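Tertiary structure, described
Here is how the chains run, residue by residue.
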Amino acid sequence: MSDSPERVPKLSKEEKDRRFQAELMPVLDSLYNFAYRLTLDEDDANDLVQETYLKAYRFFEYFEPGTNAKAWLFRILKNSFINDFRKKSKQPAKVDYSEIEGYYNTEDVEAEGDVGSTSSDMRQQAVRDLIGDEVASALNSLPVDFRTVIILCDLEGFTYEEMAKVLDIPIGTVRSRLHRARNFLKEKLEKYAKSMGYGSEEQADALTTDDDDNE
């Protein structure tokens, strides 16, 4: 757990800017892709990414060097998306961004990171190779909760542990949601898979492999 706000060391502007540029800006492309697949709109995605970086800069003193910058930024973006959605829906609930500080446990992530890496890489490559218009349309048609877990796991390569921390849900919920999301996506992709030469159910599974592969 990070120190309380009163004890967080204050960085000079030069040091803060240097570290921010070096550690967080390389995630820009992945962050925009995530934002676009959540919003399905280029302008909204750009606004969401800009808002995410503004908040990340504001809270940068709470980011611990050497931890997973991508997951930290994805969590901020996800919270911003939820807040904006609730605002548009006139729902009063709001995420407290001060909770961002110290949420990430690098040792836990590193311990799980190597598990199932080969099968995870194969699944990610299979999805990327077939991410045509039909696949993108099928993915975009999923409810946002299911779309998000597919993006985080199969496109961005997050582990269950990382996904649970990005989404603020238990690992068991991550597994269940991912299993259901892949089933929904598989149903939507059956016709497209056959047109691409994936004629059997086993071949179609290349797009949506069972979530046991990520254990």
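Throughout what follows, the structure given in this document is the object of discussion. Computed from a predicted model, the values in this text were never measured in an experiment.

Structural notes on the overall build of the protein
- Counting its secondary structure elements, the protein contains 11 helices and zero strands.
- Across the protein, helices and strands are ordered from the amino to the carboxyl terminus as α-α-α-α-α-α-α-α-α-α-α.
- Within the span of the protein, comprising 215 residues, buried residues form 44% of the whole.
- Expressed as a percentage of contacts within the protein between residues at least 6 apart in sequence, the contacts between residues at least 24 apart total 74%.
- Surface summary for the protein: the accessible area is close to 11600 Å², and the carbon and sulfur share equals 48%.

Digging into helix 1 (residues 13–23)
- Those residues of helix 1 not exposed but buried are K16, R19 and F20. Buried residues of helix 1 fall within an arc of 100° about the axis and therefore sit on the same side. Opposite the buried face of helix 1, at more than 90 degrees from it, the exposed residues are E14 and Q21.
- On its buried face, helix 1 is in contact with helix 3 (42–58).

Let's talk about the packing of aromatic side chains
- Following the criterion strictly, the structure yields 10 aromatic pairs and no others.
- Judged by centre distance (5.9 Å) and plane angle (70°), the rings of F20 and Y53 are edge-to-face. Within this pair, whereas F20 is found in helix 1, its partner Y53 is found in helix 3, the two being separated by 33 residues in sequence.
- Take F20: its relative accessible area is 10%, and that puts it in the buried class.
- One aromatic cluster is present, formed by F20, Y53, Y57, F60, F63 and W72 through successive ring pairs.
- The ring of Y57 carries the charged tip of K16 above its face, separated from the ring centre by 4.1 Å.
- Here the basic side chain of K70 rests over the ring of F158, its NZ or CZ set 5.3 Å away from the ring centre.

Notes on the packing of helix 2 (residues 28–39) against helix 3
- It is the contact of helix 2 with helix 3, at a shortest axis distance of 8 Å, that shows an interaxial angle of 130°. Overall, the two elements helix 2 and helix 3 adopt an arrangement that is oblique. Two packed elements cross with a definite hand, and for helix 2 against helix 3 that hand is right-handed. For the pair helix 2 and helix 3, contact is made by L28, L31, Y32, A35, Y36 and T39 and by E42, D44, A45, N46, L48, V49, T52 and Y53, respectively.
- Tallied by class, the residues present in the contact of helix 2 with helix 3 amount to nine nonpolar, three polar and two charged.

Some points on a negative patch on the surface
- Negative charge collects at one region of the surface, where D41, E42, D43, D44 and D47 lie side by side.
- Here D47 is to be found in helix 3.

Some details on the pattern of salt bridges
- In the structure shown here, the tally under the stated rule is nine salt bridges.
- Note that D168 is salt-bridged to R75, the shortest N-O span being 3.0 Å. On the criterion of sequence distance, the pair formed by D168 in the loop between helix 9 (160–167) and helix 10 (171–195) and R75 in helix 4 (residues 69–88) is long-range, its members being 93 residues apart.
- In this structure R75 comes out as buried when scored by relative accessible area, which is 7%.

Re the packing of helix 2 against helix 8 (residues 144–155)
- The geometry of helix 2 relative to helix 8 is characterised by a closest axis approach of 10 Å and an angle of 155° between their N-to-C directions. Viewed along their axes, helix 2 and helix 8 adopt a mutual orientation that is roughly antiparallel. Of the two elements, helix 2 crosses helix 8, and the hand of that crossing is right-handed. Residues F34, R37 and L38 of helix 2 pack against V144, R147, T148, I151, L152 and L155 of helix 8.

Description of the environment of L38
- Tracing the backbone through its elements, the reader meets L38 in helix 2.
- Sequence spacing of L38 and T148 is 110 residues, and the spatial spacing of their C-alpha atoms is 7.1 Å.
- Residues contacting L38, with those up to four places away along its chain left out, are L77, F81, V144, R147 and T148.

Definitions and cut-offs
Residues numbered from 1 in each chain as written. Predicted model: local features only at pLDDT ≥ 70, side-chain atom pairs only at ≥ 80, totals over all residues. Heavy atoms only, no water. Helix = DSSP H or I, 4+ residues; strand = E, 2+ residues; numbered from the N terminus. Buried < 20%, exposed > 50% of the residue type's maximum accessible area, 1.4 Å probe, protein only. Contact = heavy atoms within 4.5 Å. Areas by Shrake-Rupley, 256 points an atom, 1.4 Å probe, with all protein chains shown as cover. Arc of directions from axis to C-beta. Phe/Tyr/Trp six-rings, centres within 6.5 Å; stacked < 30°, edge-to-face > 60°. Lys NZ or Arg CZ within 6 Å of the ring centre and 35° of its normal. Axes fitted to C-alpha atoms, helices over the stretch in contact; angles between N-to-C directions. Parallel < 35°, antiparallel > 145°, perpendicular 65-115°, else oblique. Left-handed = near helix turned anticlockwise from the far one by under 90°. Nonpolar A, V, L, I, M, F, W, Y, C, P; charged D, E, K, R; others polar. Patch = residues over 30% accessible without salt bridge, like charges linked within 9 Å, V, L, I, M, F, W, Y side chains within 5 Å. Salt bridge = Lys/Arg side-chain N within 4 Å of Asp/Glu carboxyl O. Lys, Arg positive; Asp, Glu negative; His and termini not counted. Charge placed at Lys NZ, Arg CZ, Asp CG, Glu CD.

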